[in-house]
Amino acid sequence: MEVLHPRCAGLDVHSRQVTACVRVAAGRAVTTEHREFATTTAGLLALSAWLTEAGCTQVAMEATGVYWKPVWHILEDEESFTLVLANAQHIRNVPGRKSDQKDAAWIADLLAHGLISGSFVPPSPIQALRDLTRTRKQLVAEIARHTQRLQKTLEDANVKLTRVVADILGASGRAVLAALIAGETDPERLADCTTGRLKAGRADIIAAVHGRVTAHHRFLLELHLSQVDGLKAAVQKLERQADEVLRPFREAADRLTTIPGVSETVARVIISEIGVDMTQFPSAGHLVSWAGLCPRLDESAGKRRSTRVRHATPWLKTALVQAAWAATRKKESYLRSQFRRLKGRRGPKKAIIAVAASMLTAVYCMLRHETDYQDLGGRYLADRDNERVKRRLLQRLQDLGVVVEMKAA
């Protein structure tokens, strides 16, 4: 097999040490040298100096948790070699003897022969934005968990607040919770805390808030409510910081928000996950496949065994699916018509994945060519089918020896 990189190195990264293997090929002779370095800053700087001294042009490492990130950040400042981040599932070694030295040598061998396809690593500003958006999602999920714990505590106290209030953290729900924490037990006074915008009648509200609230319940309600308030303040702080980091990419974010269903939050997630430089992906199909929004290719012996979408990164995929559900509610839009068209034949789950893939394709074209979103309209698919039917029938008549003159009705 042809050697593409005669001087390269493979790194086996762990939490405390990095095992490096430098591979040098001179004709048919191949020499390797192994060294171990600590993952401290001094150790990684020594690793960078050793790789530079060895004349390496390519350096590959596995994406192992978060341990590869400090190694990458220090080595990327060196301009004498190119870094390659490999998916650990793609470079598994054959079963047998295993050690850190063998793993590093295996990575170096694969890299030398060009058998490693590098993973997408965005530039540092995009990585910073990615950390903020992912942390925001985790905090929002934690708010949802504390909200569920509030509901559980109310149910334990036989307070059926969720039956009359859609959001227990809204104006009416917070007022009732504050009154319960303060020691109020009179259902009439608790009902007076609600606003007049509730659909439930006063009698239903009084019956719902009439429970058995003890000091233990009040303690838990106050604890979870304080956690929710702290998490919401942290989310607002994160959003302000994300807006600052997003400032160089503000034009691209504003352009993405013109897509139906894409809010400011979703636009931040899209940019943080794929960046704004679409040259990293050869085509829109590659980006859709990378995001896990297209059917997998699994064929054997002429049979297609599975078309399920693969489990890709959850950060981008879930955001696009949520945006797709919102886009299907916009009337007279292409995305809505596409969803309704596929829903009857393929079901709602596959239809919404197709809509999310169409949205990501539009994102690719908008970022690649710096163009605005142009909706094809709700009649696009129907009109396209009408033209196809006309051409097919005309061709069939011509095959039968009949000449037909077209005239609009």
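What counts and what doesn't
- Residues numbered from 1 in each chain as written.
- Predicted model: local features only at pLDDT ≥ 70, side-chain atom pairs only at ≥ 80, totals over all residues.
- Heavy atoms only, no water.
- Helix = DSSP H or I, 4+ residues; strand = E, 2+ residues; numbered from the N terminus.
- Contact = heavy atoms within 4.5 Å.
- Core = buried A, V, L, I, M, F, W, Y, C linked by side-chain atoms within 4.5 Å.
- Buried < 20%, exposed > 50% of the residue type's maximum accessible area, 1.4 Å probe, protein only.
- Axes fitted to C-alpha atoms, helices over the stretch in contact; angles between N-to-C directions.
- Parallel < 35°, antiparallel > 145°, perpendicular 65-115°, else oblique.
- Left-handed = near helix turned anticlockwise from the far one by under 90°.
- Nonpolar A, V, L, I, M, F, W, Y, C, P; charged D, E, K, R; others polar.
- Salt bridge = Lys/Arg side-chain N within 4 Å of Asp/Glu carboxyl O.
- Polar contact = N/O pair within 3.5 Å; in protein donor to acceptor, adjacent residues only side chain to side chain.
- Right-handed = clockwise from strand over helix to strand, strands pointing away.

1. Side note on the environment of His-217
- Topologically, His-217 is positioned in helix H8 (residues 215-245).
- The spatial distance from the C-alpha of His-217 to the C-alpha of Leu-154 is 7.7 Å, given a sequence separation of 63 residues.
- Residues in contact with His-217, not counting those within four places in the same chain, are Thr-153, Asp-156, Ala-157 and Arg-212.

2. Examining the nonpolar core
- Among the nonpolar cores identified, the biggest contains 78 residues, and Leu-161, Leu-256, Ile-271, Ile-274, Leu-293, Met-359 and Leu-360 are the most heavily contacted of them.
- The leading source of residues in this core is helix H14 (residues 348-369), at 13 residues.
- Contact partners of Leu-161, with chain neighbours within four places excluded, come to Leu-154, Ile-168, Gly-173, Val-176, Ala-208 and Val-209.
- Core analysis: the second largest hydrophobic core is formed by 25 residues, Leu-11, Val-18, Cys-56 and Leu-83 among them.

3. Digging into the packing of helix H10 (residues 264-274) against helix H12 (residues 314-327)
- The interhelical angle for the contact between H10 and H12, taken along N-to-C directions, is 150°, at an axis separation of 10 Å. By the criterion of interaxial angle, the relationship of H10 to H12 is roughly antiparallel. The handedness of the crossing between H10 and H12 comes out as left-handed. Between H10, through Val-266, Val-269, Ile-270, Glu-273 and Ile-274, and H12, the contact on the second element is made entirely by Trp-315, Leu-316, Ala-319, Leu-320 and Ala-323.
- A breakdown of the residues in the contact of H10 with H12 according to their chemical character gives 9 nonpolar, no polar and 1 charged.

4. Quick word on the pattern of salt bridges
- A full pass over the atoms with the stated rule returns 21 salt bridges.
- Arg-268 is the salt-bridge partner of Glu-264, the closest N and O atoms lying 3.9 Å from each other. Pair noted here: Glu-264 and Arg-268 are both in helix H10, with a separation of 4 residues, about one helical turn.
- Note on Glu-264: relative accessible area 28%, which makes it partly exposed.
- Three or more residues are tied together by salt bridges with common partners; here these are Asp-243, Arg-250, Asp-254, Glu-264 and Arg-268.

5. Here's the deal with unusual backbone geometry
- Residues other than glycine seldom take positive phi values, yet Asn-158 does so here, at roughly 60°.
- Considering the arrangement of structural elements, one finds Asn-158 in the loop between helix H4 (124-156) and helix H5 (171-181).
- Since its relative accessible area comes to 41%, Asn-158 is described here as partly exposed.
- We note that Glu-332 has phi near 55°; this positive angle belongs to a residue other than glycine.
- By the secondary structure assignment, Glu-332 is in the loop between H12 and helix H13 (334-346).
- A relative accessible area of 64% places Glu-332 in the exposed class.

6. Overview of the environment of Asp-100
- Along the chain, Asp-100 falls in helix H3 (residues 100-112).
- With 89 residues separating them along the chain, Asp-100 and Leu-11 place their C-alpha atoms 9.1 Å apart.
- Dropping the residues within four chain positions of it, Asp-100 is found in contact with Asp-12, His-14, Gln-17 and Thr-19.
- In terms of polar contacts, Asp-100 uses its side chain to reach the side chain of Gln-17, at 3.4 Å.

7. Regarding the pairing of strand S4 (residues 58-62)
- Counting buried positions along S4 yields 5 of 5 residues, so the element is predominantly enclosed.
- Both faces of S4 are covered, namely the face carrying Gln-58, Ala-60 and Glu-62 and the face carrying Val-59 and Met-61.
- The handedness of the S4 to strand S5 (residues 82-86) crossover, carried by helix H2 (residues 68-75), is right-handed.

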